[in-house]
Amino acid sequence: MGGALGLTCLFFYRAVFSAQVFTGRDMLLVYAPLRRYWAERVVSGGFPGWYPFDGLGQSFPGMMLSAAFHPSQWLGLVLSTGTAMKLTVLACPPLALVGTYALLRLYAVPRAGAFFAGVAFAFSGYMVSLTSSLAYLMAGATLPFCLWAAVRFLREATPVRAAVAALGLAGVLLAGDTWAYAFANAFVLFLALTEEGPRAALVRRGLGLVALGVGIAAPQLSTGVAVFAGGAPGASSVEDAVRWSVDPLRLPELLLGPFLVNADVERAVPEEIVKPLLHTGGFSTLWAESLFIGVPVFVLAVAALRFIPWRRWAPFGAAWTALLALALGSALPFYGLLYRVLPLWRPFRYPEKLVVHLSLGLALLAGFGWKAVVASPDRMRWTARAAGVLAGLLAVVALAELSVGAWSQAFVLARWPGVPAETLDTLSQAFSTAGFVAAGIALGCALVVPGLAESRARAAVLVALQLGASFTANEPLPILGSEELLDSPPPFISTVRAWAARAGATVPRVTSRVQRFRLPSFEGFEYQDSVALMSRAMLAPDSPALWGVGTAEAYLPAASPRVLHLQDDRPGLFTELLPVFGVRFSAYTPADYSALKPRTGTIVEKDSAFELLLVEHPDARPRLSLAKPRCVPNLAAALDLLRDTSFRTGAQAAVECGDLTLAPVGEAPLEGTVRVEQDVPESLIVQVDPSEDAVLLINDAWQPGWTALLDGAPTHLLPANALVRAVPTPRGTHHVELRYHTPGLVPGVWLCGATCLGLAMAEFLRRLRFSRKTG
C-alpha cells in the first residue's frame, strides 16, 4: 500500500503538489456539476432524485454515471467539488494496483511479480486517460478488487467473504459503469468454471455471488433498469453502437505508447489527425488517448504463453481474444453481430471501453509470466532471448520508418492521401522515435531478466523499466486546471442569472447552438485551459449547472426519449421550438447565428474573447403557465401542430389526452394566475386560477415517476407539446401538486437492506455453530 501511494504521488505529481484539479472533458462538463448537485442536496437534508439541469430534467439515480450511491460522494460534503474529485481520482491507482497485486497473490505469484502487474495496470494508458471520465476510472480501478474477493469466496464460501465479494461487484456498478459491471459478473462466472474444485458447487457459488451483488447494488440497478425500460439509454443503431471503436492503426500503441498524441500542446491526438486518419464514427476526439501497456508486460506475457501449459491459459486467451475482437468494433463484424442477435447487448456502446479488460488481462498474464519465468534459469534465459529478438524487431521497424517511411506509406498515406507534408513528417518522426524507445526498453528487459529470481535489484529494475515507460508515455495526458473553472461563472452565465433573479426563475434554461468555433489562445494558458474556458463560455452542457443554470440539450444518459428523438433526429425543429420549452437564452457563433432561417431572438451580449453571441428569446414561455389544450393522438401529431407559428404564439398546448376528454378550446382569451408555493426538484406546488377550463403547462421533461394531485386528489398528468407535461385544471382556484418518486428506488433499497440483513444473519448463525462445536 505504501508503494502504491508513493508511486501515485510521483506519477501524478502535477496534481498532488499543486492546487490544480482534474478538468479534462467530462470532468468539467459532467462530473463536477453532478457531484456538486449531490453534495448541495444532501447538505440541505434531501436526496437528489430529479436532476433539472439536463435535457429539461431527468432522473439523477437513473443515470448510472451519477454514482448517486457511491461512497466517494461523501468527500463532497467536506471538501470543494474540485478537490473532492481530485482525491477520488488519486485514490484509483492505489486501488487498482493493490487489487491486482492481491488477486495475483491468490495464485502464488511472487510479490515482486504481483506488484509489477499492479503497476502495469494502474498506470496503463487507458486508466491514465480516464482521469477525464471519473465513473469509468472508478469502475476500472474497482475491478481487480472485485475479482480478488470473488476468487476468495469461490474457494471458501463464508458469509463474510460473500459480503466482501458482493460489495466488490456492486462497487463496479455504483461507480457508474454498467458495462464494466456486466463483464465483472461474466468474469465471476468464468472463474467459477475455471477454478479447481467441484464444478457444480463452484457454479452455484458463482451464481449466488452474482445474485448477492445484484442485491447490494439494487438501489442503483433498479433505478437504472427503470430508465432503460423507458427506452432512453443505449445505442439507436449498430452504427451508433460502434462509434469510438479501437482503430487497428492504434494497436501498436500497446507497445509504443501514444505516438499520435501531441503531448506538449494538446495532451491529446489533434482533431486534424483524428478525423482523416482514425475511424471514430464521426467523433473528432478519442475516448482514450493512450492504449499503452508496455514492452516489459508484453515480454512477460509471451513468457507466460510459452511456459504455462496451454490447457490452463487457453480459456483465458480465448476470452481475451474475444474481447479484443469486440473492442475493434467497426473493424470486425463481431460487435455488430452481437448487437443484432442479442437484444440485451444493445444498451452497450463505444467498444473502446473494453480496453480496461484488455489492459487488466495483459497485466495479469504478465504477473503469471513472472511466476513462470523465475521458476528456472532456463526459462529466464529463454525470456531474455525473446526480449532481445523483440528489441531487434522494434529497432528494424523504427529504422525502416526513419529511412524509407515504411509505416507512413503503408498506413498513413493509404488512409489519408492528402496528408500535409509537415503533418506526415511529424507522425513519421513520432512513430520512429517511439519504436527506438521501445527497442531500448526491450533490450533493458533482455539484460535484466537473467538472474531475476535471485536478485531483488533486477526485480526492482524491471519494475522501474515498466513504470518509467508508463510515466514517459502517459504522464502528460491528464488535464489539470484551476478550480476557479468550477467556481467562477463565465460572462454569459452572469447575464442569465441576473435575468433569472429579476424574473423569479428558479432554474433558467439555456442552450448552446455552437456548431464550429475558433479556439482562441491566451498567453500563459495551455491549450486544454483554452478548451475548458471555451466550453464554459459557449454554455456547453452541462457546465452551466455548476451555477444553477439548466441546458435544454440532452447530454446525460437518462434523458427523456422524447427529448432525444427531437434533438437527434430533427435538430432544426428542436432549435426552432426551444422558446416553446422555456429556453430564454442561446449561445451562437456569429456564423451560426447568421445562418439561421428564420433568425429568432435578439443579441443581448457579445463575448469578444471567444467570438460568441448570447441571444435572448423574449417570446420564450415561462416554465409554468396556463394554456388552452388541443388534444392530439401522439407525439408526431403534437410536433406537426407545433410547426404552426400561430399555434406556438398563442396560449395553447398540444396535449396527448388519450381517453380523457378535455373542454374544447374557446375563442375568449385565457386569463388567470399561477402562484408558486413550493418549488424543489422533486416537488412542485402551485395555486392556479384559470378563467376557464385549461391545463397547467410545466416545461419540464415528460418522464416516468411524476404524479399529480389536484386539490389533494390524484389527477391526470399528460404529455404536452411533445416533450413536457400538463395537468388539467378546471375553472376557478385550485392547488396543483407534482411529486417525483424515482422509479425503482424504494424496491431497490428494500432489496439491498434484505440482502445485507440476510448476510449478517448468516454470519451470526455460522459463528454460533462454530462456537458450539468448539465449546
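Structure first, text after, so check above.
Calculation notes
Residues numbered from 1 in each chain as written. Predicted model: local features only at pLDDT ≥ 70, side-chain atom pairs only at ≥ 80, totals over all residues. Heavy atoms only, no water. Phe/Tyr/Trp six-rings, centres within 6.5 Å; stacked < 30°, edge-to-face > 60°. Helix = DSSP H or I, 4+ residues; strand = E, 2+ residues; numbered from the N terminus. Buried < 20%, exposed > 50% of the residue type's maximum accessible area, 1.4 Å probe, protein only. Lys NZ or Arg CZ within 6 Å of the ring centre and 35° of its normal. Axes fitted to C-alpha atoms, helices over the stretch in contact; angles between N-to-C directions. Parallel < 35°, antiparallel > 145°, perpendicular 65-115°, else oblique. Contact = heavy atoms within 4.5 Å. Nonpolar A, V, L, I, M, F, W, Y, C, P; charged D, E, K, R; others polar. Pairing = 2+ DSSP bridges.

Participant: An account of the packing of aromatic side chains is needed here, citing residue identities and associated values.
Facilitator: Scanning all chains against the criterion turns up 42 aromatic pairs. Here Phe12 and Phe22 contribute two aromatic rings whose centre-to-centre distance is 6.4 Å and whose plane-to-plane angle is 75°, an arrangement assigned as edge-to-face. Of this pair, Phe12 sits in the loop between α1 (2–11) and α2 (13–16) while Phe22 sits in strand β1 (residues 21–22), placing them ten residues apart in sequence. Taken individually, Phe12 and Phe22 each receive the classification buried, so the pair is uniform in this respect. A centroid spacing of 6.2 Å and a plane angle of 80° characterise the contact between Phe183 and Trp345, whose relative ring orientation is edge-to-face. Here Phe183, found in helix α9 (residues 178–194), pairs with Trp345, found in the loop between α17 (334–341) and α18 (355–373); they are 162 residues apart in sequence, far enough to count as distant. Assessed through its relative accessible area of 11%, Phe183 is described here as buried. Across from the ring centre of Trp382, 5.6 Å away, lies the NZ or CZ of Arg306, which sits over that ring.

Participant: Account for the packing of helix α19 (residues 377–404) against helix α20 (residues 406–415), with residues named and values stated.
Facilitator: Two elements in contact, α19 and α20, have axes whose closest approach is 6 Å; the angle formed by their N-to-C orientations is 85°. On the basis of the axis angle, α19 is roughly perpendicular to α20. Where α19 approaches α20, its residues Ala400, Glu401 and Val404 are matched on the opposing element by Ala406, Trp407, Ser408 and Gln409. Of the residues assigned to the contact of α19 with α20, the class counts are four nonpolar, two polar and one charged.

Participant: Before we move on, can you summarise the sheet that holds strand β7 (residues 583–588) with the specific residues and values?
Facilitator: With mixed pairing, the five strands of this open sheet are ordered in space as β6-β5-β7-β9-β8. Since the sheet does not close on itself, it has two edges, and those belong to β6 (550–551) and β8 (602–607), each with one partner. Bridge count between β8 and strand β9 (residues 612–616): five bridges; the pairing is antiparallel. Across the sheet, Ile603 pairs through a bridge with Val615, a residue of β9. The strands touched by helix α24 (residues 491–503) are β5 (509–512), β7, β8 and β9; relative to β8, the strand with the most contacts, the crossing angle is about 140°.

Participant: Which residues make up the sheet that holds strand β15 (residues 706–710), and what are the values?
Facilitator: Sheet architecture is open: five strands sit in the order β12-β13-β19-β15-β16, paired in antiparallel fashion. In the strand order of this sheet, the two ends are held by β12 (674–680) and β16 (713–715), each with one partner. Across the sheet, the axes of successive neighbouring strands diverge by a mean angle of 25°, strand direction being ignored. Pairing geometry for β12 and strand β13 (residues 683–688), over six bridges, is antiparallel. Following the sheet pairing, Val680 is matched in β13 by Ser683.

Participant: Explain unusual backbone geometry residue by residue, including any values.
Facilitator: Each neighbour pair has its own omega, and for Pro541 with Asp542 the value is 0°, a cis peptide bond. Among the secondary structure elements, Asp542 is positioned in the loop between α25 (527–537) and β6. Residues other than glycine seldom take positive phi values, yet Tyr350 does so here, at roughly 70°. With respect to the helices and strands, the residue Tyr350 is situated in the loop between α17 and α18. Of note, Glu611 is a non-glycine position whose phi angle comes to about 55°, a positive value. Examined against the element boundaries, Glu611 turns out to sit in the loop between β8 and β9. Residue Glu611 is classed as partly exposed on the basis of its relative accessible area of 40%.

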